Amino acid sequence: MQRLMKNLGVYLILVVLVVSVVNMFLTPQTAGPEVAEVPYSQFKTDLAAGRIKNFTINEMKAQGRYADGKTFVSNIVGVKDVAEEAAARGVEVRIAEPPETPWWMTLASSVFPTLLLIGVWIFFLHNMQGGGGKVMSFAKSKAKMFLDNRPKVTFNDVAGCDEAKEELKEVVEFLKSPDRFTKLGAKVPKGVLLLGSPGTGKTLLARACAGEADVPFFSTSGSDFVEMFVGVGASRVRDLFDQARKYQPCLVFIDEIDAVGRQRGTGLGGGHDEREQTLNQLLVEMDGFDEKTGIILIAATNRADVLDPALLRPGRFDRHVVVDTPDVKGREAILKVHAKDKKFAPDVDFEVLAKRTPGFVGADLANVINEAALLAARGGKTEIGMAELEEGIDRSIAGPERKSRLIGPREKKIIAYHETGHAMVAKLIPGCDPVHKISIIPRGSAALGYTLQLPAEDRFLASKNELTNNICVLLGGRVTEELVFGDITTGASNDLERATQVARSMVTQYGMSSLGPVVLGRQRHEVFLGRDLGEDRNYSDQIAFAIDEEVRKIVEECYVRVKKLLSDNRDKVDLVAETLLEREVMDGHDLAVLLGEEEPVSEKSEEKAASESAGAPAPEEPAPAEEKAADGFIPRAPVVSNEMAPMERKEPPSAKGE
């Protein structure tokens, strides 16, 4: 029966087609090509002249035979008059009765169109809702319920967000042993909102809650409530909580809640917008007149700024848990979690890898481990080594190597000097983050080379001096091109864009200019579009001119400083650039050895061994540096200076601090 209902529309279409074919064959056929079709005027003339022997009138058509034996057919007007005139002239006339339509044909012509429309409607709804034979199931919740088949993930599988785990462990403990809390009059939070950047592990935390809590777990997403039919979203919210009440105490997880939780009054539909009706129903279910104590709602989003205030107030989402970008210890723990089921070489040091991946979230680190495993398998190795992990980090920052890209000798020399300029400025200016790697091997879609700096520790603030140093490092490539070749290229376009952005932020946001400690400009919010669309000028044209002058002044002062610095050390610039042309890749130690700041590894090892044999403590080796933010505002991700394609440049994804 279910299968019959599923294909009802197809069956009805086939029946109608069969009826149409039968009807076509049962319809009386018109005269063949041997029958002469004559006009009515000719028929009247032949009838009056006595040339017609006999004819039959079928509805409004006469078909008969002439006296000479030829047949004819003609459309006539006034059947009674024509019949009387023919009878008066002695012509044999027969009036045919209209054929009687079978009862089943009448029934088919009246009932089948209606059945066809019903069948098509059922077929359409069935396919649109994904099958299952439930025609009216589109108003039901699409949440997946987990009872005995809950996810096997536990809090031991989550790392890098200890504070968030503690908050959620408390919720799980309440569900396991509520008496411990209710004895003291404590009430469990009705809702827990997980906030954080993409990839930080919000959904993984929710899965861990499902794995730890011995209660039913419902999982859905914000977009599952949205449908083309009016009222379906609110109906699905009601159905979700109706199901949850049957299994309370339980957990309900809504991923990407901003799909239905956006602030009301921001849609073009006003108060009758479908999403707003869905949100209203969600607000009532969470904290309406009917209080519920056994349902805990967990939601996740990376756009808390667009959520409705009524959704964020105490009594609905009481607890806001921030799942932030992990620090160095958190990154090390995350790497170890993802390395559980993989084989690693003895030289792999996760602490070093953690210090070289600041700004990386859990998803980035998982990708680094996976890329390293793929590279090891591609090379036929049985273990993942440190070289593969380093390459995995480089792939995440700048993309895969493109050694097949052919670059001419002159362009390659320009790229080498450009990257040398970035590295030398970072070396020569005190306080700059140390250089970790220089490469002129093309990577990704547009990068022809890059220079990577790694800070020595996590930092969350940037001083004016640090921001100025960042601008100087970004300008190092353009200045070197001008000094060495007497010409400039398009390769520094992204460097100039980022340097200008830092300088403008210093003037308009951080109050680090002669305009004083003021913030100039504010974010513009478009009410009907519900998002930020640029900056609103709250200053005069005179101040705007002063801002441009201050930005130009900061950049030009840094440009002059870098030009003098590189001119005074031109011999070192040439030495590093020529070496880079030969090797194509240099790390920070190679650069320090080349400049005479450190000893080669072999000599250091011999010195260390001699010290140990003499009982003296071995000299300390510099700790692996940590990467710095690309924007220079909140240093969390690597500073990557890229030599890009001539006409267009694009910043690597991981260098954006995202």
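None of the values given here were measured: they were computed from a predicted structure.

Participant: How should I be thinking about the overall build of the protein in this particular structure?
Facilitator: From N to C terminus, the protein includes 22 helices and 17 strands. For the protein, the proportion of its 658 residues judged to be buried stands at 42%. Sequence separation of 24 or more characterises 72% of the internal contacts of the protein that already satisfy a separation of 6 or more. Summed over its atoms, the accessible surface of the protein is roughly 34,900 Å², and 54% of this surface lies on carbon and sulfur atoms.

Participant: How do you make sense of the UniProt feature "active site" (unreviewed entry) in the protein when you look at a structure like this?
Facilitator: Per the UniProt entry, the sites bearing "active site" (unreviewed entry) are Glu419 in this numbering. Tracing the chain through its elements places Glu419 in helix α16 (residues 409–428). Accessibility expressed as a relative area gives 0% for Glu419, which makes it buried.

Participant: Explain helix α10 (residues 274–287) to me, please; I cannot follow it from the model alone.
Facilitator: In an α-helix, one turn spans 3.6 residues; hence positions three or four apart end up facing the same way. Over its 14 residues, α10 runs 20 Å from end to end, which matches the ideal 20 Å to within 8%, given 1.5 Å per residue. Within the sequence span of α10, burial applies to Glu274, Glu276, Thr278, Leu279, Gln281, Leu282, Leu283, Glu285 and Met286. At its buried positions, α10 is contacted by α9 (232–246), β9 (250–255), β10 (295–301) and α11 (309–312).

Participant: Please clarify how the environment of Arg504 should be interpreted in this entry.
Facilitator: Mapped onto the fold, Arg504 is located in helix α18 (residues 493–508). Separated by 51 residues in sequence, Arg504 and Val555 place their C-alpha atoms 9.6 Å apart.

Participant: Is there a simple way to think about the packing of aromatic side chains in this case?
Facilitator: Aromatic rings considered in pairs are described by the distance between their centres and by the relative angle of their planes. As enumerated under the stated definition, the model contains eight aromatic pairs in all. Measuring from centroid to centroid gives 5.9 Å for Phe43 and Phe72, while their planes differ by 40 degrees, and the two rings are tilted. Residue Phe43 is located in helix α3 (residues 40–49), and its partner Phe72 is located in strand β4 (residues 71–75); the two are separated by 29 residues in the primary sequence. Of the two residues, Phe43 and Phe72, both sit in the buried class. By way of ring pairs, the aromatic residues Tyr40, Phe43, Phe55, Tyr66 and Phe72 are connected into one cluster.

Participant: Is there a simple way to explain the packing of α9 against α10 in this structure?
Facilitator: A pair of packed helices is captured by two measures, namely the crossing angle of their axes and the spacing between those axes. Look at α9 against α10: their axes get within 7 Å of each other, and the N-to-C directions meet at 20 degrees. Taken together, the axis directions place α9 and α10 in an arrangement best described as roughly parallel. Here the hand of the crossing between α9 and α10 comes out right-handed. Contacts between α9 and α10 involve Val232, Gly233, Ala234, Val237, Arg238, Phe241 and Arg245 on the former and, on the latter, Glu274, Gln277, Thr278, Gln281, Leu282, Glu285 and Met286. For the contact of α9 with α10, the residue count by class is six nonpolar, four polar and four charged.

Participant: I keep staring at the pairing of β4 and nothing clicks. Help me out?
Facilitator: Regular strands place side chains that alternate from one sheet face to the opposite one. In the sheet, strand β1 (residues 36–37) pairs with β4 via two bridges, with the strands oriented parallel. Pairing of Glu37 across the sheet is with Val73, part of β4. Relative to β4, strand β3 (residues 61–66) is paired through five bridges, and the arrangement is antiparallel. Each bridged residue has a counterpart across the sheet, and for Gly64 the counterpart in β4 is Phe72.

Participant: Even after reading the chapter, I still don't get the nonpolar core, so can you show me in this structure?
Facilitator: Side chains that are nonpolar tend, in soluble globular proteins, to be buried together. Val425, Ile471, Met506, Leu566 and Leu591 are the most contacted members of the largest nonpolar core, which totals 43 residues. Contributing elements (two or more residues each) for this core: α16, β12 (435–439), α17 (464–485), α18, α19 (541–568) and α20 (570–583). Looking at this core, the element that brings in the most residues is α19, giving eight residues. Not counting the four nearest positions on each side in its chain, Ile471 is found in contact with Ala499, Val502, Ala503, Met506, Ile554 and Cys558. Grouped together as the second largest cluster of nonpolar side chains are 30 residues, Phe146, Phe155, Phe181 and Ala208 included.

Participant: Is there a simple way to think about helix α12 (residues 328–338) in this case?
Facilitator: If you check which residues of α12 are buried, you get Gly330, Arg331, Ile334 and Leu335. Within α12, the buried residues cover an arc of 140 degrees as seen down the axis, which keeps them to one side.

Participant: How do you make sense of the side chain of Asp46 when you look at a structure like this?
Facilitator: Topologically, Asp46 is positioned in helix α3. The exposure class of Asp46 is buried, given its relative accessible area of 2%. Beyond its immediate sequence surroundings of up to four residues, Asp46 is in contact with Arg51, Ile52 and Tyr66.

Participant: When you look at the state of the cysteines in this model, what are you seeing that I'm missing?
Facilitator: Working definition of a disulfide: a covalent bond connecting the sulfur atoms of two cysteines. The tally for this structure, following the rule as stated, stands at zero disulfides. Counting only cysteine sulfurs, Cys472 is the nearest neighbor of Cys558, a cysteine outside any disulfide, at a range of 3.8 Å.

Participant: Would you take a moment to explain the confidence of the model for the protein for this structure?
Facilitator: Should pLDDT be low for a region, the predicted coordinates there are not to be read in detail. Confidence in the prediction of the protein, expressed as mean pLDDT, is 78, and 76% of residues score 70 or more. Counting interchain partners and residues more than four positions distant, the pLDDT-below-50 stretch residues 527–533 has 17 contacts. In the predicted structure, residues 643–658 sits below a pLDDT of 50 and forms 53 contacts with residues beyond four places in sequence or in another chain.

Criteria and thresholds
Throughout this document, residue positions are counted from 1 along each chain, in the order its sequence is written. Where local features are concerned, this predicted model is filtered to residues with pLDDT of at least 70; where side-chain atom pairs are given and counted, the filter is 80 or more; whole-chain, interface and lining totals use all residues. Excluding hydrogens and water, the side-chain values take into account all heavy atoms of the structure. Numbering of helices and strands runs from the N terminus; a helix is a DSSP stretch of H or I covering at least four residues, while a strand is a stretch of E covering at least two. The cut-offs for exposure are 20% and 50% of the maximum accessible area for each residue type, with area from a 1.4 Å probe on protein chains only; residues under the lower value are buried, those over the upper are exposed, and the others partly exposed. Contacts are residue-level and defined by heavy atoms, with any inter-residue pair within 4.5 Å sufficient. Accessible areas in this description were obtained via Shrake-Rupley with a 1.4 Å probe; residue shielding takes into account the shown protein chains only. UniProt positions are given in the numbering used here, feature names are shortened, and annotations may be inferred rather than shown by experiment. The span one expects for a helix is its residue count, reduced by one, times 1.5 Å. For Phe, Tyr and Trp, rings pair up if their centres lie within 6.5 Å, where Trp contributes its six-membered ring, and each pair is then called stacked (planes under 30 degrees apart), edge-to-face (over 60) or tilted (otherwise). For every element, the axis is a line fit to its C-alpha atoms; helices are fit only across the contacting stretch, and the angle between N-to-C directions ranges from 0 to 180 degrees. Each angle is binned into one of four classes, with values under 35 degrees roughly parallel, values over 145 roughly antiparallel, values of 65 to 115 roughly perpendicular, and all other values oblique. Left-handed describes a crossing whose near helix is turned anticlockwise from the far helix by less than a right angle; the clockwise case is right-handed. Just so you know the grouping, Ala, Val, Leu, Ile, Met, Phe, Trp, Tyr, Cys and Pro go in nonpolar, Asp, Glu, Lys and Arg go in charged, and all remaining residues, Gly too, go in polar. A pair of strands is labelled paired if DSSP reports no fewer than 2 bridges between them. What we call a nonpolar core is a set of buried Ala, Val, Leu, Ile, Met, Phe, Trp, Tyr and Cys residues that are connected through their side-chain atoms within 4.5 Å. What the arc describes is the spread of directions from the helix axis to the C-beta atoms. The term disulfide is used for any two cysteine sulfur atoms that are within 2.5 Å. For every residue, the pLDDT score states the predictor's confidence, bounded by 0 at the bottom and 100 at the top.

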